[in-house]
Amino acid sequence: MLTRTRIKRIGLSLLTLVVVVWVGLMALLYFKQNDLLFMPRTEIDRTPQDIGLPFEDKTVRTADGESLAAWWIPHAHPRCTVIHFHGNAGNRSGRLPDAQRFHQLGCNVLMTDYRGYGGSTGSPSEAGTYLDAEALWDAALAAGAEPASTLVFGRSLGGPNAAYLVSQRPAAGLILESTFESLPALTDDLFGWLSVDALVRNEYPTARHLAAFEGPVLILHSSEDDLIPFEHGRRLAAARGDTGVFLELRGDHNHGPSATGAPYVEALGAFVTRVVSR
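Thresholds, definitions, all that
- Residues numbered from 1 in each chain as written.
- Predicted model: local features only at pLDDT ≥ 70, side-chain atom pairs only at ≥ 80, totals over all residues.
- Heavy atoms only, no water.
- Core = buried A, V, L, I, M, F, W, Y, C linked by side-chain atoms within 4.5 Å.
- Buried < 20%, exposed > 50% of the residue type's maximum accessible area, 1.4 Å probe, protein only.
- Helix = DSSP H or I, 4+ residues; strand = E, 2+ residues; numbered from the N terminus.
- Pairing = 2+ DSSP bridges.
- Axes fitted to C-alpha atoms, helices over the stretch in contact; angles between N-to-C directions.
- Contact = heavy atoms within 4.5 Å.

A. Here's a closer look at the nonpolar core. Counting 39 residues, the largest nonpolar core has F85, V152, L174 and Y204 as the members making the most contacts within it. Among the secondary structure elements, those contributing two or more residues to this core are β3 (67-73), β4 (80-85), α4 (126-142), α5 (158-168), β8 (173-177), α6 (183-191), β9 (217-222) and α8 (230-240).

Here you go:
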């Protein structure tokens, strides 16, 4: 038979276990969050040649001495240039459908891998990916891109990197797909009462970067997104007012373009036309 003292001891032991597990999880989140956030893949298993696109291998040097592996995919009669930023997992070889869509819309495309991804040197970090973005801008201009007809595209984690770049360089337009307002805002939405946002060392403040850009913005987000809540896209679009265009996608976080189909491509095409005719 359990006595009152025994019950109290069991309760105290359970509470201690919960606290230990909680502290351990918080320590893991704080000290290992780069490993949880960045999921690089080094192997390049496809190139633009596999989908019939001409391309040049580029090595892009960053201000802090890293070497980024990139592809320059030229169009014979370019209307514009698109600088492409991918999400937190894999590498550029998994984003060839993006290159194909923009090429069909008459755009040059510059795709790279962040430091530590694909064939790029170094290890990823928030400060590091911002330096990568700046280096990619310089590489696009060196390849012949004109700022007045250069668009920047970012999906998921690529969103804050793209928004950062247009806040620092005179890009003609910005496309944000399936991205978040900031990492602390995202963790607050995902974990709620756990209140882990104070432990997030990578901020990636997309909304703040976006506020510093006065050009046109296209924001795409799915109401079925299973990773980044739909309201993040809605709030980013609302903050832009008349300078923002919003398209609701279909499908989960990783399949918005394919699940949405023709309306997705039409929105990209209309935005490219809007930007290059300004």
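B. Broad picture of the sheet that holds β3. Judged by pairing direction, the sheet is mixed, and its 8 strands sit side by side in the order β2-β3-β6-β4-β7-β8-β9-β10 without closing on themselves. Sheet topology places β2 (56-61) and β10 (244-249) at the edges, where each strand pairs with a single neighbour. Each adjacent strand pair in this sheet contributes to an overall mean axis angle of 20 degrees, direction not counted. Two elements, β2 and β3, share 6 bridges in a ladder whose sense is antiparallel. Bridge pairing in β3 links K58 to A70. In the packing of helix α3 (residues 96-104) onto the sheet, the strands contacted are β3, β4, β6 (107-112), β7 (150-155) and β8, and the crossing angle to β6 comes to about 160 degrees.

C. The arrangement of α5 in detail. Counting buried positions over the 11 residues of α5 gives 10, a clear majority of the element. Listed as buried for α5 are G158, G159, P160, N161, A162, A163, Y164, L165, V166 and S167. Contacts from the buried residues of α5 go to β4, α4, β7, β8 and α7 (206-211).

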